[in-house]
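# Notes for the structure review
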Amino acid sequence: MMRPDFALSLSFEGIRLLQRTSRGWVPLGEVALDSPDLAGDLAALRRKGEAAAGGPLRCKLVLPDDQIRYLVLDDPQAGAQAARAALDGLTPYALDDLAVDHVSVGGRTHVAAVAIETLEEARVFAAEHGFGPVAYVAWPGEDAFGGQEVLFGTVPGAETVARDARLPLLPAGAPADAPDRPAGAQAAEAEAKPELPGKAAESGAVGAGVPAPQDGAEAGPPPVAEPAAKTPPPDTG
């Protein structure tokens, strides 16, 4: 299994490219969605990443937590089928239209779900702008998903990606290279225990879509329209 050294964080605030070091994730740059030249700014960000990688990028896509539905089951032995069944009626989507991840931590099973169409929109956006998507992940908060990284799966055709350790987000401008992990090295490592949490709450909505560029910009993912006949999932937080 591989563990990518770059991550593309998607949100409605902006698109941020991060590089892994042994100490945490270092921001290489960020592009605001209201940029007058969104495509050009993304191309410049990609080139910066390619220079750090020494070649084409391979990025995991970090989905915003407002796209994701989290819940907790008291049964620590709940498997994939039980985790999926527990989501029935909690999102505007049919169960077959959801990507689901689950982990057992602290005597409970933590579940996360996202609309499959949201993953596809994120993949298309990243691929069309040259960011080499390889996997779909989320970085929830300490109390969500047992403090672990959510791994919704590997992009079709990419090498299998392992669930990552939770590393802190370092300040922009921090040294990108780490002595024990040179820039661009794609580590094939075993699953690791999470270290530090992210920023999300143990709740969320599924399928609001990933950011779209302004008029005149090159391809970007349009927002996902939720089915009108159903209501958004309740806030369980």
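Calculation criteria
Residues numbered from 1 in each chain as written. Predicted model: local features only at pLDDT ≥ 70, side-chain atom pairs only at ≥ 80, totals over all residues. Heavy atoms only, no water. Helix = DSSP H or I, 4+ residues; strand = E, 2+ residues; numbered from the N terminus. Expected span 1.5 Å × (residues − 1). Buried < 20%, exposed > 50% of the residue type's maximum accessible area, 1.4 Å probe, protein only. Arc of directions from axis to C-beta. Phe/Tyr/Trp six-rings, centres within 6.5 Å; stacked < 30°, edge-to-face > 60°. Pairing = 2+ DSSP bridges. Salt bridge = Lys/Arg side-chain N within 4 Å of Asp/Glu carboxyl O. Contact = heavy atoms within 4.5 Å. Core = buried A, V, L, I, M, F, W, Y, C linked by side-chain atoms within 4.5 Å. Axes fitted to C-alpha atoms, helices over the stretch in contact; angles between N-to-C directions.

## Topic: unusual backbone geometry
Positive phi outside glycine occurs at Phe 145, with the angle close to 55 degrees. Its location among the elements puts Phe 145 in the loop between strand 8 (133-138) and strand 9 (150-154).

## Regarding helix 3 (residues 116-128)
The end-to-end C-alpha distance of helix 3 is 18 Å, a good match for the 18 Å that 13 residues give at a rise of 1.5 Å each. Those residues of helix 3 lying buried are Thr 118, Leu 119, Glu 121, Ala 122, Phe 125 and Ala 126. Projection of helix 3 onto a plane perpendicular to its axis shows the buried side chains occupying an angular sector of 165 degrees, all on one side. Gly 130 sits one or two residues past helix 3 and shows a positive phi near 80 degrees.

## Side note on the packing of aromatic side chains
The description of two aromatic rings rests on the distance between their centres and on the angle between their planes. Scanning all chains against the criterion turns up one aromatic pair. Residues Trp 25 and Trp 139 carry aromatic rings whose centres are separated by 5.5 Å and whose planes lie at 35 degrees to one another, so their mutual orientation is tilted. Separated by 114 residues along the polypeptide, Trp 25 in strand 3 (residues 25-32) and Trp 139 in the loop between strand 8 and strand 9 bring together distant segments of the chain. The buried category is assigned to Trp 139, whose relative accessible area is 18%.

## Side note on the pairing of strand 7 (residues 108-115)
Most of strand 7 is tucked away: seven of the eight residues are buried. Bridging between strand 5 (residues 69-73) and strand 7 involves five bridges; their strand directions are antiparallel. Its bridge partner being in strand 7, Leu 71 is matched across the sheet by Val 111. In the sheet, strand 6 (residues 98-105) pairs with strand 7 via eight bridges, with the strands oriented antiparallel. Within the sheet, the bridge partner assigned to Ser 104 lies in strand 7 and is Thr 109. The antiparallel pairing of strand 6 with strand 7 creates a hairpin that spans two residues between the two strands, and Gly 106 there sits at a positive phi of about 60 degrees.

## Section: the pattern of salt bridges
The tally for this structure, following the rule as stated, stands at 10 salt bridges. Arg 20 serves as the salt-bridge partner of Asp 5, at 3.3 Å between the closest nitrogen and oxygen. Of this pair, Asp 5 sits in the segment before strand 1 (6-10) while Arg 20 sits in strand 2 (residues 14-20), and the two are 15 residues apart along the sequence. Arg 20 shares its class with Asp 5; the two are buried. A salt bridge links Asp 101 to Arg 163; the shortest N-O distance between them is 2.7 Å. Separated by 62 residues along the polypeptide, Asp 101 in strand 6 and Arg 163 in the segment after strand 9 bring together distant segments of the chain.

## Quick look at the environment of Leu 61
Inspection of the secondary structure assignment puts Leu 61 in strand 4 (residues 59-62). Residue classification places Leu 61 among the buried residues on the basis of a relative accessible area of 0%. Measuring from C-alpha to C-alpha, the distance between Leu 61 and Ala 135 comes to 6.1 Å, with 74 residues separating the pair along the chain. Not counting residues up to four positions away in its chain, the partners in contact with Leu 61 are Leu 8, Ala 122, Arg 123, Ala 126, Pro 133, Ala 135, Tyr 136 and Val 137.

## Some remarks on the nonpolar core
Ranked by internal contacts, the top residues of the largest apolar core, which has 33 residues, are Leu 8, Leu 17, Ile 68, Phe 131 and Phe 152. Not counting chain neighbours up to four residues away, the residues in contact with Leu 17 comprise Phe 6, Ala 7, Leu 8, Val 26, Pro 27, Leu 28, Gly 29, Leu 45, Gly 49, Leu 57, Cys 59 and Phe 131. Listed in part, the 12 residues of the second largest apolar core include Met 2, Leu 18, Val 62 and Ala 135.

## What to know about the sheet that holds strand 4
Strands sit in the order 3-2-1-4-8-9 across an open sheet of six strands; the sheet is mixed. With one partner strand each, in any of the chains shown, strand 3 and strand 9 form the two edges of the open sheet. When strand polarity is set aside, the average angle formed by the axes of neighbouring strands in this sheet is 25 degrees. Pairing between strand 2 and strand 3: seven bridges, direction antiparallel. Looking at the pairing, Ile 15 lines up with Val 31 of strand 3. This element, helix 1 (residues 38-53), spans strand 1, strand 2 and strand 3 of the sheet and lies at about 160 degrees to strand 3. Sheet strands touched by helix 3: strand 1, strand 2, strand 4, strand 8 and strand 9. Its angle to strand 8, the strand with the most contacts, is close to 135 degrees.

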